[in-house]
Amino acid sequence: CLIRSGAHNNDHHETATNWVMSGRFGSAFGDWPAMGAVAAHESGFPGTLPPYVSIPRNPSFTWELGRSAYLGGRYESFKAGDPNEEGYRVRDVSHAQSLTEVRVQRRQSILQAVDKLARQVEGNDQLEAYDKFQKRATEMVLSGEARQAFAIDKEDQTLRDRYGRTTFGQSCLLARRLVEHGVSFVTINFGGWDHHAKIWEGLEKKLPDFDQGFSALVEDMHARSLLSETLVVAMGEFGRSPKINKDQGRDHWAPAASLLFTGAGVKTGQVIGATDKDGGQVVQTPVRPADVAWSIFSALGIDPRKHLHTADGRPVQILEEGKEIEGLYG
């Protein structure tokens, strides 16, 4: 499903990125948790794998975006790194050297003694949360399931070629593997679309990678019967100006953008929304960031009106506005 009418009024990279990744407008520094962090909070940690993974990492122009904000560190995304790197291994689920379980337990005993002393000295309640985080990290390292999920080298070489031997292509393939292994929310960051000059040269480099990787992801997930229960969304933080500038490029443009949705009950083969003849202003079915987030939360079974709590117990509604995109789900 192609949505032609994504619209908001902010053309600042960091601010807009946090807005579209959370559904709530705030500062450039991220006042609200990203959808993945909310999904992690609501799904919990049902297995050894983290519920929220970003590939290769969260967006970062000048600082990391799409974070967990007031939900706290345990709901931050797990950064998978670049799966297209030679000999790709995920640092946090691979041993730097061969470690037996006995050696791991010895190291934990020492660490526990240090942590106990730290608690006595600081009396810090946050250490309890850290202990849970640490336990889960240990489980990931010792778990064959976690290593298997990230073992992209186990994939058929022909299929890897189909996705494209690029960072984006292999990121799409890794995302499919993680979904198969039960990860609730995966974000793939594919930056570099800021073509303020020489846009044709820039897009000739970017578009083939996107077309190949995204189409392979959709086809592969459909073939494996994953698409019916997995929502796939492609979007940016805003659109680009409808007219070419003096440097043969296009500039930031918040009033109109395009998005792609498929899977999880999406009514495909349709176009939602429209812009004027210049492609600059939305004239039909405007879709704002809160509507996108609302529709994603709906697919995940999360009530967007639910209140979550800050560290000091203050209730905060997941979304303060928004509605499901009209006609999106069949």
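Per chain, residue numbering runs from 1 following the sequence as it is written. In view of the model being predicted, local features appear only for residues whose pLDDT reaches at least 70, and side-chain atom pairs are presented and counted only at 80 or more, with totals across whole chains, interfaces and linings using the full set of residues. As a convention, hydrogens and water are excluded, and side-chain values are obtained from all of the structure's heavy atoms.

Novice: Sorry if this is basic, but what is going on with the overall build of the chain here?
Specialist: Counting from the N terminus, the helices are DSSP H or I runs at least four residues long and the strands are E runs at least two residues long. A count of helices and strands for the chain gives nine helices and 13 strands. Residues counted as buried form 44% of the 330 residues belonging to the chain. Accessibility throughout is a Shrake-Rupley quantity obtained with a 1.4 Å probe, and a residue counts as covered only by protein chains that appear here. When the accessible area of the chain is evaluated, it comes to approximately 17,100 Å², of which 50% is carbon and sulfur surface. The rule is simple: take the accessible area with a 1.4 Å probe, protein chains only, and divide by the maximum for that residue type; under 20% is buried, over 50% is exposed, in between is partly exposed.

Novice: Help me understand the sheet that holds strand E4 (residues 185-188) in this model?
Specialist: Strands pair in a sheet through their backbones, by hydrogen bonds, and they do so in one of two ways: parallel or antiparallel. Two strands form a pair only when DSSP identifies at least two bridges running between them. Spatial strand order, E3-E2-E4: three strands in an open sheet with parallel pairing. At either margin of the open sheet sits one strand with a lone partner, and together these are strand E3 (78-79) and E4. Of the strand pairs in this sheet, strand E2 (residues 52-55) and E4 are connected by four bridges, and their pairing is parallel. Note on E4: the bridge partner recorded for Ser-54 is Thr-187. Whether two residues are in contact is decided by their heavy atoms: any pair within 4.5 Å suffices. In this analysis, axes come from line fits to C-alpha atoms, helices being fitted only over the stretch in contact, and the angle between any two N-to-C directions falls in the range 0 to 180 degrees. Together, E2 and E4 form the strand contacts of helix H7 (residues 167-180), whose direction differs from that of E4 by roughly 180°.

Novice: Would you take a moment to explain unusual backbone geometry for this structure?
Specialist: Excluding glycine, most residues fall at negative phi; most peptide bonds, likewise, are trans. The omega torsion across Ile-55 and Pro-56 is -15°, close enough to zero to call that bond cis. Position of Pro-56 relative to the elements: it lies in the loop between E2 and E3. Positive phi, close to 50°, is recorded for Ala-69, a residue that is not glycine. Within the fold, Ala-69 resides in the loop between E2 and E3. Judged by relative accessible area, Ala-69 falls into the partly exposed class, the value being 31%.

Novice: Any chance you could explain the packing of aromatic side chains here in plain terms?
Specialist: Aromatic ring pairs are reported here in terms of the distance separating the ring centres and the angle at which the planes meet. Side-chain rings of Phe, Tyr and Trp, where Trp is taken by its six-membered ring, are said to pair if the distance between their centres is within 6.5 Å; with planes under 30 degrees apart they count as stacked, over 60 as edge-to-face, and otherwise as tilted. For the structure on display, the rule yields ten aromatic pairs. Between Trp-19 and Phe-25 the ring centres are 4.8 Å apart and the planes differ by 70°, which places this aromatic pair in the edge-to-face class. Classification of Trp-19 by relative accessible area gives buried; the value is 4%. The rings of Phe-168, Phe-190, Trp-193, Phe-210 and Phe-214 are connected pair by pair, giving a single aromatic cluster. Only lysine NZ and arginine CZ atoms are considered, and such an atom sits over a ring when it is within 6 Å of the ring centre and within 35 degrees of the ring normal. Cation over ring: Arg-24 sits above Trp-32, and NZ or CZ is 3.7 Å from the ring centre. One Lys or Arg, Lys-206, reaches over the ring of Phe-190 and ends 3.6 Å from the middle of that ring.

Novice: How should the sheet that holds strand E5 (residues 232-234) be read in this particular structure?
Specialist: A sheet is described by the order of its strands in space; here four strands give the open sequence E5-E8-E1-E9, paired in mixed fashion. Edge strands, defined here as strands with exactly one partner in the open sheet, are E5 and strand E9 (271-272). Examined bridge by bridge, strand E1 (residues 2-6) and strand E8 (residues 257-262) share three bridges and lie antiparallel to one another. Pairing of Gly-6 across the sheet is with Ala-257, part of E8. Of the strands in this sheet, E5 and E8 are in contact with helix H8 (residues 199-223), which crosses E5 at around 165°.

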